[in-house]
Amino acid sequence: MSKHYGICCDGCNANEFSSIRYKCQICPDYDLCSTCYNTKKETQSHLNSHRMIEIGLPAVKKSDSLAQKHTDQMNQLEAAYLSRFSSNISTDSIRKKTLSRSTEMLDREVRTKMISSTETLDKRVTSESWSKMVSSTESLNEKSTRVKMFASTEKLTERSIADNRRDTRPFLVPTTDNRAKTTVFSVEHLEKFSYNELHEFLIQHDESLRSLAEKCKKERVSGLDLMNFEDDDYKNLMITYGEKKKLKLLIEQKKSKLTSPSAANSAQEQAELNHLRQTLQTYNQEIQEKHEVIQRLEEIAIKRDQYAQKRALIIKELQITLEQQSAQHSLVQKLVQQLSSTTSSAKNDFSQLTPVVQDQLLNIPENATKIPIVPLSSSTVEIPIIQSNTPIVIELDQSIPHIPTTKMSLPNSSTGPHSSSVHFLTFYHPDKNALVTKPVIHDPYDMNNYGTHKLIIYSEDSQHIITETLLNVIPEIEICVPKQFAIRDSVNNVVSGGIITLKSVNEESVLFTGTTDQDGLIMLPDNLPDGSYRVEIHSPNNPKLQHLKFVMVIFQNRRQNVLNKFIGRSDLESNQIHIVLEWNAEPRDLDSHLYSSDGRHVYFQNKDDRDMTLDCDVTTGFGPETITFTFQPNLKYVYAVHRYSPEPKLTQSKAKVTFYLDAEKTQISKVGSQDKLTNSETHYIPEITRPNATFWIVCMIDGSTKQIRFFPNTFEEHNSFDTDLIGRTIFLSDC
């Protein structure tokens with residue numbers, strides 16, 4: 001097979017490769033095989049940009065046995081020479097690697113110290129001194145001899161490789177006798193000889209060793225085997241004493257050539273070592289200079305660090321002084337505000353109150369809650385609890401100065417938790433020597449309104465403080481999420497399979513979803529956190545029922561045990577209204593009454609009159625009492641609630657009336673307002689002092705104008721429930 005004899009690829013070190021040869025026109029004696037050329041391989045001295053020429057394979061005929069023999073001899077000589085110098089090359093490589101490693105370690109140590117010192121100074125020094133330090137460091141780096149060391153190492157490597165290549169060239173061509181055309185072998189390559197080559201060598205060396213050469217060839221003894229011969233091996237081959245002596249002499253000559261380095265190589269290596277020692281000495285001197293610079297920089301850094309510490313200490317003392325002055329200034333401002341609050345923050349809004357609230361303050365119920373004055377330093381347990389919609393009585397000591405002598409409202413100021421918008425109404429009753437107060441909350445579902453409030457009550461002229469106390473305001477129980485819901489429709493049928501969902505108002509995340517059992521009951525979780533909740537109730541099994549949506553709260557785990565919820569109808573026709581009445585356990589029996597202007601009257605004794613029906617009548621408390629009617633264009637209708645059972649306090653029944661209608665088919669406007677009556681709109685009975693009230697007049701609906709008028713605080717004290725007296729009185733007053 002044809003190949004490039006005596007050529008080694010400088011890219012992958014492949015010897016006598018059989019592919020196309022590429023020779024560099026710039027680098028001396030630089031060849032690449034086709035694989036390294038195609039992969040664009042580069043070395044320290046050769047770049048891809050160098051021009052290369054392509055050399056094909058030499059033509060060799062198989063019949064040319066002499067050429068083939070010549071080729072084999074060349075391979076053997078080259079392998080023997082490369083083996084001879086491998087030890088020298090490896091020694092040079094080890095020396096070069098050791099020197100390079102020492103250089104890198106020294107350079108790494110200097111660079112580490114320089115970087116750490118520079119980073120430390122970078123945090124402390126000013127921009128001007130930092131620039132000087134950087135320029136100083138860069139100038140030192142420019143003087144660094146790392147480049148020199150690597151250049152020296154590379155020169156040594158290139159020189160060693162070049163010398164080896166020059167030395168190997170003569171051994172790539174075997175020495176021949178042109179006259180006899182016979183290859184001449186050298187003892188230097190004894191360990192590389194095959195048994196045939198050893199046979200030829202022994203005969204060439206000494207004709208008297210021909211018989212020994214024949215024995216070695218017969219036993220296939222190679223040159224390496226001969227180098228390792230022992231006494232038993234000589235006996236087995238029946239080698240004579242004279243032959244043995246000559247063989248040992250050859251082996252000794254071979255070993256002496258391997259162990260005696262040439263004087264030229266030794267001198268050259270010594271010169272290179274001296275040069276490297278000098279380079280290292282120079283490098284150590286420059287390292288010492290760098291150490292001195294680093295030491296000076298560290299001294300500068302220490303001085304600047306001391307200066308920075310002193311400066312930080314001064315700044316800290318100034319900050320403490322400023323904080324003390326700021327605290328004193330805030331204290332003065334607070335005192336000024338407290339002094340001015342006696343006149344600016346005191347409010348007296350009694351004249352602007354609704355008649356219901358005025359009535360609650362003027363008339364103290366017999367069962368009103370009475371609380372003492374609580375000092376501002378009291379614990380949370382000692383602070384009295386009041387509901388947001390209930391007046392309470394504060395008992396006063398007659399020895400307190402500046403108490404008025406007549407019944408009157410008094411100004412007050414209050415502070416509460418968070419961004420509370422709660423304010424209090426106060427009224428003094430001299431006959432009982434007590435103050436009646438009530439919190440006013442515009443948004444009962446805002447959790448910021450609840451908690452401990454500080455209430456200050458002033459004299460009539462707002463110049464003196466009568467008393468100060470603490471109050472814990474909580475939401476009314478009716479708007480608190482219960483422990484259990486009881487779900488029924490508007491005619492008191494159990495809603496089983498109803499779905500209840502609780503969502504957080506602030507996050508809109510679903511916290512609970514459940515289904516009512518066969519009794520219409522569903523238990524809610526006990527560990528619900530404080531907050532506002534959107535409650536949704538619907539019955540997937542009965543699409544004729546409304547989808548209820550309302551808001552409730554949880555505060556300090558204040559919850560009622562069971563809450564009844566009645567779901568109204570959703571299948572209402574045009575001009576049809578569905579009214580549902582609910583109340584507390586007492587009075588036990590409240591009745592719904594509907595009067596029409598044509599003289600009709602629907603109630604528990606007359607439940608159905610054409611388009612007016614009483615759908616449900618309950619006599620055991622809670623409700624529902626349900627009336628459904630379709631209003632006519634030429635008629636008017638009055639809805640009222642009657643207390644049938646003898647228990648008093650209709651106004652304390654917590655009665656509420658809910659109106660259901662199809663807002664798309666039926667639109668009813670409110671008299672005196674631009675608002676319209678909405679589906680599921682609820683109205684509550686006014687909690688005023690009317691102990692003898694028997695009728696609550698709720699509203700009148702005009703079928704011609706499609707308007708509704710609500711009657712605020714309208715009550716009757718007669719008991720004519722089986723007549724149309726209520727209806728006739730309202731209709732006549734409306735004419």
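Residues numbered from 1 in each chain as written. Predicted model: local features only at pLDDT ≥ 70, side-chain atom pairs only at ≥ 80, totals over all residues. Heavy atoms only, no water.

Novice: Where do I start with the sheet that holds strand S3 (residues 52-55) in this structure?
Specialist: Backbone hydrogen bonds hold the strands of a sheet together, and the pairing may be parallel or antiparallel. The three strands are arranged S2-S1-S3 in an open sheet whose pairing can be described as antiparallel. Since the sheet does not close on itself, it has two edges, and those belong to strand S2 (31-32) and S3, each with one partner. Pairing analysis gives two bridges linking strand S1 (residues 21-24) to S2, with the strands arranged antiparallel. By the bridge assignment, Lys23 is partnered in S2 with Asp31. (Pairing = 2+ DSSP bridges. Helix = DSSP H or I, 4+ residues; strand = E, 2+ residues; numbered from the N terminus.)

Novice: What am I meant to see in the pattern of salt bridges here?
Specialist: Scanning the model with the defined rule gives 19 salt bridges in all. Put simply, Asp611 and Arg600 hold a salt bridge, and the shortest N to O gap is 3.1 Å. Here Asp611, found in the loop between strand S25 (608-609) and strand S26 (612-616), pairs with Arg600, found in the loop between strand S23 (590-596) and strand S24 (601-602); they are eleven residues apart in sequence, far enough to count as distant. (Salt bridge = Lys/Arg side-chain N within 4 Å of Asp/Glu carboxyl O.)

Novice: Got a minute to help me understand the confidence of the model for the chain in this structure?
Specialist: Low-pLDDT stretches of the model should not have their predicted coordinates read in fine detail. The predicted model of the chain averages 80 in pLDDT, with 79% of residues at 70 or higher. Segment residues 61-67: pLDDT under 50, and one contact once partners within four positions in sequence are set aside and those in other chains are kept. In the predicted structure, residues 80-96 sits below a pLDDT of 50 and forms 21 contacts with residues beyond four places in sequence or in another chain. (pLDDT = per-residue confidence, 0-100. Contact = heavy atoms within 4.5 Å.)

Novice: Would you mind going over the packing of aromatic side chains with me for this structure?
Specialist: We describe a pair of aromatic rings using the distance from one ring centre to the other and the angle between the two ring planes. Within the structure shown, the criterion is met by ten aromatic pairs. Here Phe604 and Tyr644 contribute two aromatic rings whose centre-to-centre distance is 5.4 Å and whose plane-to-plane angle is 75°, an arrangement assigned as edge-to-face. You can see Phe604 sitting in the loop between S24 and S25 and its partner Tyr644 sitting in the loop between strand S28 (636-643) and strand S29 (656-660), a full 40 residues away along the chain. Ring centres of Phe659 and Phe710 lie 5.8 Å apart, and the angle between their planes is 85°; this geometry places the pair in the edge-to-face category. (Phe/Tyr/Trp six-rings, centres within 6.5 Å; stacked < 30°, edge-to-face > 60°.)

Novice: Would you explain helix H6 (residues 210-218) in this entry?
Specialist: For an α-helix, the turn length of 3.6 residues means that residues three or four places apart are oriented alike. Along H6, the residues classified as buried are Leu212, Ala213 and Cys216. Projected down its long axis, H6 carries its buried residues within an arc of 100°, all on one side. Positive backbone phi, approximately 60°, marks Arg220, located one or two places after H6. (Buried < 20%, exposed > 50% of the residue type's maximum accessible area, 1.4 Å probe, protein only. Arc of directions from axis to C-beta.)

Novice: Would you mind showing me how to read the nonpolar core here?
Specialist: If you look at the biggest cluster of nonpolar residues, it comprises 46 residues, and the most contacted ones within it are Phe629, Tyr639, Val657, Phe659 and Trp696. With seven residues, the single largest contributor to this core is strand S32 (residues 695-702). Judged by nonpolar contacts, the second largest core, of 26 residues, contains Ile392, Met447, Ile466 and Val553. (Core = buried A, V, L, I, M, F, W, Y, C linked by side-chain atoms within 4.5 Å.)

Novice: Just checking my understanding: could you explain the packing of helix H5 (residues 195-205) against H6 for this structure?
Specialist: Describing two packed helices takes the angle between their axes plus the distance from one axis to the other. Axis separation between H5 and H6 bottoms out at 8 Å; the angle between their running directions is 175°. By the angle between their directions, the pair H5 and H6 is classed as roughly antiparallel. In contact with Tyr195, Asn196, Leu198, His199, Leu202 and Ile203 of H5, H6 contributes Arg210, Leu212, Ala213, Glu214, Cys216 and Lys217. Among the residues forming the contact of H5 with H6, the class breakdown is seven nonpolar, two polar and three charged. (Axes fitted to C-alpha atoms, helices over the stretch in contact; angles between N-to-C directions. Parallel < 35°, antiparallel > 145°, perpendicular 65-115°, else oblique. Nonpolar A, V, L, I, M, F, W, Y, C, P; charged D, E, K, R; others polar.)

Novice: What am I meant to see in the environment of Thr321 here?
Specialist: Its location among the elements puts Thr321 in helix H10 (residues 263-344). Polar side-chain contacts of Thr321 include one of 2.9 Å to the backbone oxygen of Glu317. (Polar contact = N/O pair within 3.5 Å; in protein donor to acceptor, adjacent residues only side chain to side chain.)

Novice: Could you clarify how one ought to interpret unusual backbone geometry in this entry?
Specialist: Note: most peptide bonds trans; most residues except glycine with negative phi. Residue Pro587 is reached from Glu586 by a cis peptide bond, and omega for that bond is -5°. Geometrically, the link from Gly623 to Pro624 is a cis peptide bond, its omega value of 10° lying close to zero. Here Pro624 shows up in the loop between S26 and strand S27 (625-630). In this structure, Asn557 is a non-glycine residue whose phi angle is positive, near 55°. When you line up the elements, Asn557 lands in the loop between strand S20 (548-554) and strand S21 (562-567). Residue class for Asn557 comes out partly exposed when judged on its relative accessible area of 49%. Unusually for a residue other than glycine, Lys706 sits at a positive phi of about 55°.

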